[in-house]
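These are the residues of each chain, in order.
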Amino acid sequence: MTELLIETHSLTKTYGGVEAVRSLNLEVPEGSICGFLGKNGSGKSTTIKMLLGMTWPSAGNGMVLGQSIRDARASVEVRRRIGFVSEDKRLYHYMTVEQMIRFTSSFFPKWRVDLEQQLLRQFQLPVKRKTGHLSKGMRTKLALLLALCREAELLILDEPTEGLDPVATEEILQLLTKMAAGGTSIFFSSHQIAEVEQIADRVAIINDGSLIVQESLDHLKERYRRIQLLFDRDVPQKWLKIPGIEASHADGRAMSVLASSNIDEIVRIAASLEPVSIEVTGVNLKEIFLECVRES
Amino acid sequence: MPWYKAWHESKSRFVYTLAGMLLMSGLFVLSYKAWNLDPARVNFRGFVWHTLYFRFFHAAWVFSTLFLALGGLPAERHDGTALFTLSLPARRWRLLLVRAAVGAGEATVTAMVPAMSIPMFALLIGQGYPVTQSLEFAALLVAGGMVFFSFGILLSTCLRGDWAPLAIGLPIVAGIYTGTRSTEALRAYNPQDLFSGAATVQAPAWALGASLPWSALGFSIGLAFALLLVSIVVTERLEF
Amino acid sequence: MRTRELKMLCYKSWLETRWGFALALMVVLVFSLGSVLRFPDAARAGLRDMQVHNHPNAALRGVRTYTQVEIFEKLAILWAILSVMLGTGGLLRERRLGTASFLLSLPTSRMRLLGVRCAVSVFEASGLALAAYAMVPLAFPLVHQSYSWGLALRYALILAVSGISFAVFGILISVVLEGGAWPAIIGASTAFLSLVLGEIVTSFSRYAPFPVLSGESYFRCGVVPWAGMSVSLVAATLMLTFALLIVKWRDF
């Protein structure tokens, strides 16, 4: 059985009277690349902060690399084995790139100097420049370098490609894939669903603090299908109350149905309505995400 | 709306300095008897002038003007909101002048209200102190000391950081006070003497005389406007 | 904790505070030097004493009295305020700047982060005291006078030890108050008030820290203010403990 690197049990965080995270039962297996999706304010960053001991849970518990997130001492050991990029990529404005690297590397005995040099060249980071004078994209690249060179078992990345141009984004995604192939597990949040779809093998979707989806990406995409129907008369509506239909949209005599299960039955019933044409296609992650958060 | 923004940004600093000035005035007045002064040498009015209008009230108010002058676009850059402010349909010089006007108003209130409180505190210990006399000293201080507020505006226009303007401004102002007091040739320009009425106050009334330092006041007010003008020029040329 | 990590955290704290330290150092050195250079004028009765104090001109009572009244007593207040300001900063400020997440993601405990910052602040405050007081015997020959190095350093040590609670107060106030200049302003004004209050309100004078900081008992009768220094150390320990507890459970 695959070991879980991250697991939470009814993890909850309340700010005042507002539940930012609600009874979260998250599982991230070893060796996976898990994309963590959610709307703005859905609780992604709060969850990540709790996993890293920056914020204390109001209820529930969690384990990261086998250590409890409620144990401050254990949290230090966890952080020695993970690489982290925060949502806010600001670094110490009074340090140069070189000083930031020297400072960070002092905490990680397994620091990859070879990877550091490679990334410095690849990202074209000016080593003598103060981080306060770097562009947003360069700060993001530096933050990634500081995380990736730690030789971490687990990378926790909060919007790692934010502010990067498409070329740099592609470089980062390929690098992450390579690291995953080398045994590093990755848990990352992103608003760029296409990126998640490109590299993740597992997806967790959070909405209003609650986890609504948590499964492998292939399985998720396998489950969802879009059924396009064309009629030569008015579109019949009553048949839509079939289990598995998540959403439907009618446009004149055309109808589009999104289904998450029971596909064969839905297709059989749709066919019985004698449409002019019926087409069943796959659905991308963006549509699944939009549908999941809408209905939730 | 720029007025609202300027007020909102500065109100906690204003409340803090006003409370501090009131507390300090109250503490000194109420502690009068503990000083065991010989009334024949220094009466209550003389005590108020020496400890407050010449020393602590004067110093605290001057330092508080630097505190009230904090803010502006460089501070907003530090906070990350400068681009938002600059995207609004308002000229930079207008934003600065509004901020300066609000701050100057706050600085004036920070002098006048505590000055008015001195006679009230005096009543609590069975002493009397004319309200008009108190207000006259405060008005002299405000008129002459606004140059330090303008200096604070200039520093906050040129320097970034949470409290860099204060950290640089306080020693400079303290240096001006100390330097002009210690150097024989500059003693006539000492702000403490000029704007506390030291040249005209005398026992037993310890009130402001008829001859105020008009030329010093004129120079100080002129310099205050000049510093403000420089701040406007610098602000217009800042790059973000 | 690995030595290299500790060194790096100290280095980071130093980088954060070096300009503030440099400015504070300049202020105290200029004050010390300026005060010494004013001695001849003071001795010629050029200084106007505050009449309410009924003090005879300190300079007329010799170098030692002048140094105590006009330099060390004023330096004590200045140093205390600067020490509090130097102690401000920390995780709340870093949260405002957006770097708290990065620092907290490193494999080191919050306690150690605070401890290192406290150590650097105390070290800087001590350096300020030593430098300011060392300026006195260094500068007096310029006005054809002399002051004992040993005496100056003893006063500096009294100040540094008895004033340690001010540096730690800056640390404490930074974990409680957020926002820009506020911790420094409130810290400095509280320090000033605590020093001045004992002078103007007689019921507080017994507990006033100012006479301890300025080494008044040592000046008057050669007695080191051990009790005051101990109280300061205890207060510093309590404040640091309180700050550690707050930081430990705070959300960032």
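Residues numbered from 1 in each chain as written. Chains lettered and ligands numbered in written order. Predicted model: local features only at pLDDT ≥ 70, side-chain atom pairs only at ≥ 80, totals over all residues.

## Here we look at the overall build of chain B
Item 1. Regarding its fold elements, chain B presents nine helices and zero strands.
Item 2. Counted from the first residue to the last, chain B has its helices and strands arranged as α-α-α-α-α-α-α-α-α.
Item 3. Here the C-alpha atoms of chain B give a radius of gyration of 19 Å, agreeing with the 18 Å that 2.2 N^0.38 yields for 240 residues.
Item 4. Each principal axis of the C-alpha atoms in chain B carries an extent, and together these give about 65 × 40 × 30 Å.
Item 5. By the burial criterion, 43% of the 240 residues in chain B qualify as buried.
Item 6. Expressed as a percentage of contacts within chain B between residues at least 6 apart in sequence, the contacts between residues at least 24 apart total 76%. (Helix = DSSP H or I, 4+ residues; strand = E, 2+ residues; numbered from the N terminus. Rg over C-alpha atoms; globule rule 2.2 N^0.38 Å. Buried ≥ 20, exposed ≤ 12 C-beta atoms within 10 Å, placed from the backbone. Contact = placed C-beta atoms within 7 Å.)

## Re the packing of helix α6 (residues 131–158) of chain B against helix α9 (residues 214–237) of chain B
All names here are of chain B.
Item 1. Orientation of α6 relative to α9, taken along the N-to-C sense of each, is 15 degrees, at an axis distance of 8 Å. In terms of orientation, α6 and α9 fall into the roughly parallel class. Handedness of the α6/α9 crossing: left-handed. Contacts between α6 and α9 involve Ala143, Gly144, Met146, Val147, Ser150, Phe151, Ile153, Leu154, Thr157 and Cys158 from the first element and Ala216, Leu217, Ser220, Ile221, Leu223, Ala224, Leu227, Leu228, Val230, Ser231, Val234 and Thr235 from the second.
Item 2. The residue inventory of the contact of α6 with α9, partitioned by class, reads 16 nonpolar, six polar and no charged. (Axes fitted to C-alpha atoms, helices over the stretch in contact; angles between N-to-C directions. Parallel < 35°, antiparallel > 145°, perpendicular 65-115°, else oblique. Left-handed = near helix turned anticlockwise from the far one by under 90°. Nonpolar A, V, L, I, M, F, W, Y, C, P; charged D, E, K, R; others polar.)

## Let's talk about the pairing of strand β15 (residues 277–282) of chain A
Along any regular strand the residues' side chains alternate between the sheet's two faces.
Residue and element names in this part refer to chain A.
Item 1. Sparse coverage of β15 is indicated by the burial of zero of its six residues.
Item 2. Bridge analysis of strand β12 (residues 225–230) against β15 gives six bridges, and the strand direction is antiparallel. Along β15, the bridge assignment pairs Arg226 with Thr281. (Pairing = 2+ DSSP bridges.)

## Quick look at the interface of chain C and chain B
Item 1. Contacts between the two partners involve 17 residues from chain C, matched on the other side by 20 residues from chain B.
Item 2. Taken together, the elements giving at least two residues each to the side of chain C that touches chain B come down to α1 (3–37) and α9 (182–200) of chain C.
Item 3. Residues belonging to the side of chain C that touches chain B are distributed by class as follows: nine nonpolar, six polar and two charged.

## Topic: the confidence of the model for chain B
Residue and element names in this part refer to chain B.
Item 1. Confidence in the prediction of chain B, expressed as mean pLDDT, is 89, and 100% of residues score 70 or more.
Item 2. The least confident element of chain B is helix α4 (residues 82–86), whose mean pLDDT is 79; the most confident is helix α5 (residues 92–124), at 95.
Item 3. Predicted complex, confidence summary: ipTM 0.79, pTM 0.82. (pLDDT = per-residue confidence, 0-100.)

## What about helix α7 (residues 149–162) of chain C?
Residues and elements named next belong to chain C.
Item 1. Over its 14 residues, α7 runs 20 Å from end to end, which matches the ideal 20 Å to within 8%, given 1.5 Å per residue.
Item 2. Within α7, the full set of buried residues consists of Ala152, Tyr155, Ala156, Ile158, Leu159, Ala160, Val161 and Ser162.
Item 3. Contacts from the buried residues of α7 go to α3 (63–87), α6 (110–139), α8 (164–176), α10 (210–213), α11 (216–221) and α12 (226–249). (Expected span 1.5 Å × (residues − 1).)

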